[in-house]
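# Chains, contacts and geometry: an overview
Below are the chains, spelled out letter by letter.
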Amino acid sequence: MQVPAPFEYERATSVDHAIGLLERLGSTARLIAGGHSLLPMMKLRLANFDYLIDINDLHADLGYIRPGRDEIRIGALTRHRELLESAELATAFPIFAEAERVIADPVVRNRGTLGGSLCQADPSEDLSAVCTTLDASCVIRGPGGTERVVSMEEFHVGPYETAVGDAEMLVEVRLPVRPGGGSAYEKVERRAGDWAVVSAGAAVWLDGGVISDARVGLAAVGPNTTGMPEVSAALRGQEPTESLFERAGAVAAASCDPVTDQRGSADYKRHLAAELTKRALRRAAERARS
Amino acid sequence: MTTVHERVDTFHDNDQKPVGYGRMLRKEDPRFVRGRGRYVDDVQLPGMLHLAILRSPVAHARIVGIDTSAAEASPGVKAVVTGAMLAELNLAWMPTLSNDVQAVLATDKVRFQGQEVAFVVAEDRYAARDALELIDVEYDILDPVVDARRALEPGAPVIRDDLEGKTDNHCFDWETGDEAATEAVFARADVVVTEDIVYPRVHPAPMETCGAVADFDAVDGRLRLWSTTQAPHAHRTLYAIVAGIPEHKIQVIAPDIGGGFGNKVPIYPGYVCAIVGSIVTGKPVKWMEDRSENLISTGFARDYIMRGEIAATRDGRILAIRTNVLADHGAFNGTAAPVKYPAGFFGVFTGSYDIEAAYCKMTAVYTNKAPGGVAYACSFRITEAVYLVERIVDCLADELGMDPAELRLKNFIQPEQFPYTTKTGWVYDSGDYEPTMRLAMEMAGYAELRREQEEKRARGELMGIGIAFFTEAVGAGPRKNMDILGLGMADGCELRVHPTGKAVVRLSVQSQGQGHETTFAQIVAEEIGIPPADIDVVHGDTDNTPFGLGTYGSRSTPVSGAAAALVARKVRDKARIIASGMLEVSVADLEWSKGAFHVTGDPGKSVTIQDIALRAHGAGDLPEGVEGGLEAQICYNPSNLTYPHGAYICVVDVDPGTAQVTVRRFIAVDDCGTRINPMIIEGQVHGGLTDGVGMALMEMIAFDEDGNCLGASMMDYLIPTALEVPDWETGFTVTPSPHHPIGAKGVGESATVGSPPAIVNAVVDALKPFGVRHADMPLTPSRVWDAMRGHAQPPI
Ligand SMILES: Cc1cc2nc3c(=O)[nH]c(=O)nc-3n(C[C@H](O)[C@H](O)[C@H](O)COP(=O)(O)OP(=O)(O)OC[C@H]3O[C@@H](n4cnc5c(N)ncnc54)[C@H](O)[C@@H]3O)c2cc1C
């Protein structure tokens, strides 16, 4: 059994309580949501914190999926499993369930949260790629109930680093809903439940048979789950054809920055960036058409 | 004689409760499925303390100094022990199972990342672990030797300078076969194929990590040790030698063990530390390693860099096989194998083929990596041997443009040639290979699969069919040439029938999940007719079982299984004499039918084994010269190894865009001789096949150039899940072993041995359109993609 270093632990009773504790304890404190990223690091003693503030009791407040006319709002404590099983989400954004099916395993999905996933800011994180693809924005709450809303690009500052300050908390993720859209997710992993070698999300919006907008989000090919403006630019205003997707894949491969590691060589990952981008776009466009 | 059976997919006869062999639910499972198993970590003793080990963060360094003062002052800490302190007790080094020595705690240098440097004993696991952070070790970093190929270069850092006069990293040389004869055959062969084949370092990764609870009583000098061991008796003897505690004062208990696969054969420094910790503190001490410790420091497997060469006639007659092996043994030669076999049973690399000559030359080296060498269900290196021969035979088939099934069928040793002496001196006891191969092909629909493959290839789809045919050598072994540190590999067994006809059988072998409590009850049941439910199987406790060498190398059924059958027969012989008294006839007039003796020609006159048991213990006279009681003890020394075989066929699909491999089908036909409990056999096969998928597609303990272990967690060291494996299709043939009392051959490792080459052969077959003839494991998508582009790389 791996055991973490000593720490103190408190269960937050409200969002403001949690933020108050964070404000008082500073950078030696951490929120714990599902704990599936935080606890392994602490048990391996790669990360040691003096205080853990458990926010799981806030699930009633922060665990929700609320479809609206222009956007879907998802609470930060919504668990992977809830995202996987949500019919509303599956209808609006099939990419979510597709990604969730290949994230970790049921044990992890029962506890792990959307907020924890985004705040962990692991470059291989799947939900970050999904949120980037869907052009999500993140609602960050600070002391005194102040709230600010940032884009995914602003949210991810670097690997394992986000725009969330020491005394702040991610409370909600907002996904804009636009007509004529389709989305899909592709992931290559060495084994079920493993982190991505590379994964790619794609969203395509069609207007009269032409791509009005398209977005691609890749994981594990750079310091962050990068949005790909170059790919969007290459796709916009074009007809959705196999050769276009092929070209978009090439643009994605050229715009990413993978490194060689145990999961695969940089060359292979670059190849996957192209291949998976193409596949995800193909399926997203099919869905947009139907 | 071989009998061929259709495969059995149902468990329908489960409920028939056989008196002997047959499908039967495992007797041990009720406690496991209810969470009532009792593992080492479940042992709680009054006043028990906890031990944690400080390990080297680097692969190679000189220890300049260790400051333990802060750790000693840490709350809850009872003792901090370093190598220097052990050296004073003459305990800093211990013998390995291969006549090398290994540091218990490093004194002079650390030689691999994860090596034991010091330990803390404290009131709880947390306090012990926290205090480790407070031990200050000053290291003088040395260049590591990571690549085995460079270990013998002049100027390479000398790892084992603890050994008198050692000036290089040479561990041992070994050869087998006839070099000159082999060369002569190669010289005249039509076709010679050479391939470099690497079997990378893998780890058994049992679900339960290693650990021990040591309880030394200073008053009566007794040591009780609960430990995760596959060989409690051998361990007890070694502790007596290492720790100087008299053997009769040591009790080693292996309770329920959560998987072994060879990982729990060696004695690890942690066990010795727990004993020392208990002696030093006067309290029971528990040490349980964590997952990372298990992966980075305990017995690994393989790490053979092989060059395989095969010579044949143009029409596909295999003439000779030759191989040159560079073996990486890590920092200490901790290989667990019979001492006269430093390369284990690698000598069976001639496979299942009747050839004219064979030769192997091996060089083993030290590197700055964890010690070990034989683990992970390998039957003492047969995994490597079978992988080599089955891979190289496929390369030959490719060269000849011949179907790999046809090539194998053409070269099999024929049934009338058994017992067959191979060109490396192994005497295969029995075998009839063709029916096994044909059954596998029939189950697979081989011809149809090849047709499907052809169509798919035409469409640019990548489908591969891989075959492996293996012969194993298990059941070590005859004591005249097989021992571990001087302990002969024979097994004791004891059987006692109680007055009411229930029985207890005491084994020297120990189960780590193989189902001994069921299989051995069935073996005894078959011989004396007492139902398995009425036979208690005791194992894993040196105070309560006879001496024997333990469970590994698939030896339980071949050796202890024979012992159990013979001890039961001995009891039956005595029962016959008692029965003759009870029925007032001579023993010659008695006939045995499972569970009862009856008078020949008068079946109505009979006594059951239960009647006899009562008489043996009861009032009334027994026949002249017969002592009371119904029990016996024997020690079985096998006259030869047993040689199970099998034919495996694997079908894979490879995604041409992502290079991902999917194992679509796997057909495994095993011949392990007499089948005791088919359900348990199938379980062993299913587990081993899953292991094979792991090794072939994802498992590898890798190191970076500084010698850092890159497989230190289950996130980095991948093992397969149910999602990576197909529904296994198993079948069997039965060729009994002629010398084993019940004809059983052992099956524990067959599937781990046979499946990796089948899977790799399938992947390579799928990649044929790209001109690929070989690609090394693990065949991760990235490595398969490299192979598709003609850049297949060795993994190390
Ligand atoms: C075996 C395993 C396999 C996995 N495989 C995958 C995979 O394939 N793909 C994948 O994407 N992920 C994978 N994960 C990660 C998993 O999805 C985690 O659940 C997720 O990354 C973190 O969510 P969590 O709720 O558990 O966060 P926690 O571990 O609780 O927290 C992670 C970090 O986020 C912070 N945090 C949490 N919530 C908030 C908040 N509301 N506001 C501010 N900060 C917050 C915490 O302080 C901490 O620093 C895997 C995890 C495991 C254990």
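Rules used throughout
Residues numbered from 1 in each chain as written. Chains lettered and ligands numbered in written order. Predicted model: local features only at pLDDT ≥ 70, side-chain atom pairs only at ≥ 80, totals over all residues. Heavy atoms only, no water. Near = heavy atom within 4 Å. Polar contact = N/O pair within 3.5 Å; in protein donor to acceptor, adjacent residues only side chain to side chain. Areas by Shrake-Rupley, 256 points an atom, 1.4 Å probe, with all protein chains shown as cover. Helix = DSSP H or I, 4+ residues; strand = E, 2+ residues; numbered from the N terminus. UniProt positions renumbered as here; feature names shortened; annotations may be inferred. Buried < 20%, exposed > 50% of the residue type's maximum accessible area, 1.4 Å probe, protein only. Arc of directions from axis to C-beta. Contact = heavy atoms within 4.5 Å. Pairing = 2+ DSSP bridges. Axes fitted to C-alpha atoms, helices over the stretch in contact; angles between N-to-C directions. Domains from an automatic or database assignment. Salt bridge = Lys/Arg side-chain N within 4 Å of Asp/Glu carboxyl O.

Before going further, it helps to spend a moment on the site of the ligand. All names here are of chain A. Around the ligand, a shell composed of 31 residues is seen, among which Leu 31, Gly 35, His 80, Thr 113 and Asp 126 lie nearest. Ser 37 is positioned with one of its side-chain polar atoms (N or O) 2.8 Å from an oxygen atom of the ligand. In this structure, an oxygen atom belonging to the ligand sits 2.9 Å away from a side-chain N or O atom of Glu 125. Relative to its free-state accessible area of 970 Å², the ligand is covered by the protein chains to the extent of 91%. Listed by contribution, the elements that provide at least two residues to the shell around the ligand are strand 2 (29-32), helix 8 (114-120) and strand 10 (169-176). With 5 residues, helix 8 is the single largest residue contributor to the shell around the ligand.

What follows concerns the UniProt feature "domain: Aldehyde oxidase/xanthine dehydrogenase a/b hammerhead" (unreviewed entry) in chain B. When the UniProt feature table is mapped to this numbering, "domain: Aldehyde oxidase/xanthine dehydrogenase a/b hammerhead" (unreviewed entry) covers residues 34-143 of chain B. Helix makes up 16% of residues 34-143 of chain B and strand 37%. Its end C-alpha atoms lie 51 Å apart.

Moving on to helix 15 (residues 609-617) of chain B. All names here are of chain B. Regarding helix 15, the residues found buried are Ile 609, Ile 612, Ala 613 and Ala 616. Burial along helix 15 is one-sided: seen end-on, the buried residues are contained in an arc of 105 degrees. Residues of helix 15 that are buried in the fold lie against strand 24 (491-497), helix 13 (516-528), helix 14 (556-583), strand 28 (596-599) and strand 29 (602-608).

All names here are of chain A. Taken in spatial order, the 3 strands make up an open sheet running 1-3-2, and their pairing is parallel. Among the strands making up the open sheet, the edge pair consists of strand 1 (8-11) and strand 2. Neighbour-to-neighbour, the strand axes of this sheet turn through a mean angle of 25 degrees, independent of strand direction. In terms of strand pairing, strand 2 meets strand 3 (residues 51-54) through 4 bridges, oriented parallel. Residue pairing in the sheet places Ala 29 in a bridge with Tyr 51 of strand 3. The strands that helix 1 (residues 15-25) touches are strand 1, strand 2 and strand 3; relative to strand 3, the one it contacts most, it runs at about 170 degrees.

It is a general feature of regular strands that their side chains alternate between the two faces of the sheet. Residues and elements named next belong to chain A. Taking burial as the measure, the 10 residues of strand 13 (residues 210-219) include 8 buried ones, the bulk of the element. As paired strands, strand 12 (residues 198-207) and strand 13 are joined by 9 bridges and run antiparallel to one another. The residue bridging Ala 200 from the neighbouring strand is Leu 218, located in strand 13. The antiparallel hairpin formed by strand 12 and strand 13 contains 2 residues in its connecting segment, where Gly 208 sits at a positive phi of about 55 degrees.

Mapped onto this numbering, the UniProt entry gives "domain: FAD-binding PCMH-type" (unreviewed entry) at residues 2-180 of chain A. Helix makes up 37% of residues 2-180 of chain A and strand 24%. Its end C-alpha atoms lie 50 Å apart.

Here the focus is the domain arrangement of chain A. All names here are of chain A. One can read the domain layout of chain A as domain 1 (8-54), domain 2 (63-176) and domain 3 (181-285). On a C-alpha basis, the centres of domain 2 and domain 3 stand 20 Å from each other. Taken residue by residue, the interface counts 25 residues in domain 2 and 26 residues in domain 3. Inspection of the domain 2/domain 3 interface yields 4 salt bridges.

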